[in-house]
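# Fold and geometry: a report
This is what each chain is made of:
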Amino acid sequence: DWNGPYVQIDGTAEVIHLPDSVEPLVEYFRAVAGEHPDWDEYREAMRTQGKSLIRITVDDWGPVATGGFPPGRV
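Predicted model, so just to flag it, every value in this text is computed and none were measured. (Residues numbered from 1 in each chain as written. Predicted model: local features only at pLDDT ≥ 70, side-chain atom pairs only at ≥ 80, totals over all residues. Heavy atoms only, no water.)

Let's shift gears to the environment of L18. One can find L18 in the loop between β1 (6-16) and α1 (22-33). On the basis of relative accessibility, which here comes to 32%, the residue L18 falls in the partly exposed class. Distance from L18 to S52, taken between C-alpha atoms, is 6.3 Å for residues 34 residues apart in sequence. Beyond its immediate sequence surroundings of up to four residues, L18 is in contact with M46, R47, G50 and K51. (Helix = DSSP H or I, 4+ residues; strand = E, 2+ residues; numbered from the N terminus. Buried < 20%, exposed > 50% of the residue type's maximum accessible area, 1.4 Å probe, protein only. Contact = heavy atoms within 4.5 Å.)

A few words on unusual backbone geometry. In the segment running from L18 into P19, the intervening peptide bond is cis, with an omega of 0 degrees. Within the secondary structure, P19 sits in the loop between β1 and α1.

Looking now at the nonpolar core. Judged by nonpolar contacts, I16, L25, V26, W39, Y42, M46 and L53 together constitute the single largest core of seven residues. Listed by contribution, the elements that provide at least two residues to this core are α1 and α2 (39-48). When residues in this core are grouped by element, the largest group, three residues, is from α2. Residues contacting V26, with those up to four places away along its chain left out, are W39, Y42 and R43. (Core = buried A, V, L, I, M, F, W, Y, C linked by side-chain atoms within 4.5 Å.)

A few words on the pattern of salt bridges. Going through the model one piece at a time under the given rule, you end up with four salt bridges. Among the salt bridges present, the one from R55 reaches E14, with a minimum N-O distance of 3.7 Å. Placement of R55 in strand β2 (residues 53-65) and of E14 in strand β1 is noted, with a sequence separation of 41 residues between them. Here E23 ties to R43 by a salt bridge, and the two come within 2.7 Å at their closest N and O atoms. (Salt bridge = Lys/Arg side-chain N within 4 Å of Asp/Glu carboxyl O.)

It is worth spelling out the side chain of H36 at this point. Its place among the elements puts H36 in the loop between α1 and α2. Residue H36 is classed as buried on the basis of its relative accessible area of 17%. Here the side chain of H36 touches D38 through a polar contact of 2.8 Å, landing on its backbone nitrogen. Discounting residues that sit within four places of it in the chain, H36 has contacts with F29, E41 and Y42. (Polar contact = N/O pair within 3.5 Å; in protein donor to acceptor, adjacent residues only side chain to side chain.)

Within the structure shown, the criterion is met by three aromatic pairs. Pairing W39 with Y42 gives two aromatic rings, centres 5.6 Å apart and planes at 85 degrees, and the pair type is edge-to-face. Highlighted residues: W39 and Y42, both in helix α2, separated by three residues, approximately one helical turn. No difference in accessibility class separates W39 from Y42, as the two residues are buried. Through successive ring pairs, a cluster of aromatic residues spans F29, W39 and Y42. Directly above the ring of W39 sits R30, whose terminal nitrogen or CZ lies 4.5 Å from the centroid. (Phe/Tyr/Trp six-rings, centres within 6.5 Å; stacked < 30°, edge-to-face > 60°. Lys NZ or Arg CZ within 6 Å of the ring centre and 35° of its normal.)

Okay, here's the thing in structure tokens:
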């Protein structure tokens, strides 16, 4: 929803490609959805699909804006 609240973050983005992306993708899945019934199958699916990951290290954030995007426009 483009008219809902949002927050701006400032930081450094790092693109992680295969094969280095597989274990961080496992960590991400666990954080979002919990345990997978077959981690070997998940890892192979990530390799087959050519998945990469963008890791953002947040240096600063804020403020929380509630007026839609961009501020002052409806």
